[in-house]
Amino acid sequence: MIAELAHQVGFVARRSVRRTLRQPALIVPTLVFPLFLLAVNASGLGAATKIPGFPTDSYLDFAITVTFIQGAMFSSITAGTELATDIDTGFLDRLQLTPLRRVTILVGQMAGATTLALIGALAYLAVGIASGVSIKSGPGGAVVLILYAVFIAVAFAGIGATLGARTGSPEAVQGAFPLMFAVFFLSSMSMPRDLIAVHWFRTVATWNPASYLIEGLRSLVITGWDGTALWRGLAVGVGVLALSFWAASRALATRMART
Amino acid sequence: MSTNHRGIVVDGLVRTFKGDIHAVDDIDLEVAAGEIYGFLGPNGAGKSTTVHMLTTLLPPTAGRATVAGFDVVAQGADVRRNIGAALQDTALDNFLTGREHMDLQAGLNGLAKSERASRGTELLERVGLTEAADRKVGGYSGGMKRRLDLALALVHRPSILFLDEPTTGLDPQSRSALWDEVERLAREDGVTVFLTTQYLEEADVLADRVGIIDRGKIVAEGTPDALKRDIGGDTVEAIPADPHDLERAGEVLARFGEPAAHSPKGAAARLSQGAEQLPDIVRALDDAGIALAHLQLHSPSLDDVFLAKTGRSLEGAGEETEAAPEQAVPA
């Protein structure tokens, strides 16, 4: 049973990875846009490091984390649009006519988005280090940073898959991207929470789970091994993963009405 | 509950959609093992909805159906193991090659690694895609995609094959090649074929029996010849060279059969004894001194059957029901 499931996941995953790697239109924006935004922020917001209490004297070190989060958002959209495309073109029906289980489709379909997230994370780290980013937690921390970023991307991919399965429309999934960006904008993405001067913004950022994902990642770069930040970030990540995959599974069950 | 019938048995099958749309309305049919059954009807008649129910992709609202002896509702997995399907949308992945499609389909159907490659190569060769096997499907023509779709449906050696409008949009050459392959599958391999089509010629050429569906109901069923025979024999139409002879031409033809529908410039009769009366008709018209501009013998077609049963021509019927049930089939 487990072997059969793993066998099926392998086939769906291989197809998902092949598809993703053969679409430059998916890979290039994932690599270029987050790095472009990093360059703009690092050059324009450098003065923020002079605010008393700012946790680092390099805004590049502070902002590099946001790049990983943006990469995760791109992966999420990729997972959603790929699933929606399969629904739209009827490919899901083709899969449904095989002995494939629903969970297999969901897990296998994530492989492409996960690969994209891994490629992105490695590229962001390489560019960051080449530009002078210093990882306080050392080489081990860099490995954890990559794994953590991929984990967040997989959790977000569940959100994309939910949207994809619900709407069956790649365009509708892409339309959700600004909404996700807004959620991260209202977090500690650009400024540490305790330095956000506007009261309502600080309150929203404190209640926004996205802040803890970012702070977990960021701690590896600017603090070192901060157990509290990592634990909180991981807890939020697990929560998002569980909720998003539960929702995606339900949405797919509705979509796959086979008897 | 499984039955011993290895073909398809449908009993009172119904599928409704929101808005009280009866896409399929209480249909009964039976397809014997090894038979090619043509399911003919205009767009929106209920053909694809029926296929979706019989392939387990859509639960019926009411009624019962067994495919290869298995109930489509209670034994969906067993049904799927025994069928292959090429649905209306070819549903291929433009970023994969033909061979990668075969490998994926074979793998998901549980074929062993050694068998996957050989089966893929064999089927790609059979549908004439050996040379294109390692090219991405995005560069395939419509005919190539249809042929790959057919090959994919056959990977796990199904005993029943569902083809939903397999030749729609194909050029005559590709259509003919696909017909040959379907015919070979049924005649040589004994595969039962359930084929939906809106092309009269396709049903006429391929199907052992035809079911004609309109607005969710089966309006006629039988062999193509029997259906045509049922609505009457051949008709002959004569168009005189001199329009003043029209009335006399009608009187001559009336000796050979009942008056039939004709063009404004002609007279027509439904022949009581068929085409063998034609020489006598020509002689009679000649004896009456009527010179002919045109003489045409017309055998009934399945379109005539559709016209007789529904009061509409199959060609135009789809436009009337374009936005109806079939478009509402959920994925």
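Scroll up to find the structure.
None of the values given here were measured: they were computed from a predicted structure.

Novice: Describe the overall build of chain A, listing the residues and the values that go with them.
Specialist: Of the regular secondary structure elements, chain A holds 11 helices and 0 strands. Secondary structure of chain A in N-to-C order comes out as α-α-α-α-α-α-α-α-α-α-α. By the compact-globule yardstick of 18 Å for 259 residues, chain A fits well, its C-alpha radius of gyration being 19 Å. C-alpha atoms of chain A, sized along the principal axes, occupy 65 × 35 × 30 Å. In chain A, which comprises 259 residues, the share counted as buried stands at 49%. Within chain A, contacts between residues at least 6 apart in sequence are counted, and of these 80% link residues at least 24 apart.

Novice: Go over the overall build of chain B with me, naming the residues and quoting the values.
Specialist: When its secondary structure is counted, chain B shows 12 helices and 14 strands. On the principal axes, the C-alpha backbone points of chain B span a range of 80 × 45 × 35 Å. Here chain B holds 331 residues, and the buried ones make up 47% of them. Here the analysis covers contacts within chain B between residues at least 6 apart in sequence; of these, 70% occur between residues at least 24 apart.

Novice: Please set out the sheet that holds strand E5 (residues 70-71) of chain B residue by residue, giving values where relevant.
Specialist: Residue and element names in this part refer to chain B. Within the open sheet, the 4 strands sit side by side as E2-E1-E4-E5. Their pairing is antiparallel. Two strands lie at the open edges of the sheet, namely strand E2 (21-31) and E5, each paired on one side alone. Two strands pair when backbone bridges link them, and strand E4 (residues 62-67) and E5 are joined in this way by 2 bridges, in the antiparallel orientation. For Thr66, the partnering residue across the bridge sits in E5 and is Asp71.

Novice: An account of the interface of chain B and chain A is needed here, citing residue identities and associated values.
Specialist: With 25 residues of chain B at the interface, the matching set in chain A holds 24 residues. Within the residue set of the side of chain B that touches chain A, elements represented by two or more residues are helix H2 (76-82) and helix H3 (98-108) of chain B. The dominant element in the side of chain B that touches chain A, judged by the number of residues it contributes, is H2(B), at 4 residues. Of the residues that constitute the side of chain B that touches chain A, the class distribution is 15 nonpolar, 6 polar and 4 charged.

Novice: So what's going on with the pairing of E4(B)? Which residues, and what values?
Specialist: Residues and elements named next belong to chain B. As defined by bridge partners, strand E1 (residues 8-17) adjoins E4 across 5 bridges and the pair is classed as antiparallel. Within E4, the position partnered with Val14 by the bridge is Ala62. Between the end of E4 and the start of E5, which pair antiparallel, lie 2 residues, with Ala68 showing a positive phi angle near 55°.

Novice: Describe in detail unusual backbone geometry, supporting the description with residues and values.
Specialist: Phi at Arg157(B) takes a positive value of approximately 55°, unusual for a residue other than glycine. Mapped onto the elements of the fold, Arg157(B) is located in the loop between helix H5 (142-153) and strand E7 (160-164).

Novice: So what's going on with the nonpolar core? Which residues, and what values?
Specialist: Counting residues in hydrophobic clusters, the biggest one holds 148 residues, and the most contacted among them are Ala149(A), Ala153(A), Val67(B), Val193(B), Phe194(B) and Leu195(B). Broken down by element, this core gets its largest block of residues, 16 residues, from helix H3 (residues 59-89) of chain A. In this structure, Ala149(A) is in contact with Phe68(A), Gly71(A), Ala72(A), Ala117(A), Ala121(A) and Leu217(A), ignoring residues within four places of it in sequence. In terms of nonpolar packing, the next biggest core, distinct from the first, is built from 11 residues, Ile239(B), Ala249(B), Leu253(B) and Ala268(B) among them.

What counts and what doesn't
- Residues numbered from 1 in each chain as written.
- Chains lettered and ligands numbered in written order.
- Predicted model: local features only at pLDDT ≥ 70, side-chain atom pairs only at ≥ 80, totals over all residues.
- Helix = DSSP H or I, 4+ residues; strand = E, 2+ residues; numbered from the N terminus.
- Rg over C-alpha atoms; globule rule 2.2 N^0.38 Å.
- Buried ≥ 20, exposed ≤ 12 C-beta atoms within 10 Å, placed from the backbone.
- Contact = placed C-beta atoms within 7 Å.
- Pairing = 2+ DSSP bridges.
- Nonpolar A, V, L, I, M, F, W, Y, C, P; charged D, E, K, R; others polar.
- Core = buried A, V, L, I, M, F, W, Y, C linked by C-beta atoms within 7 Å.

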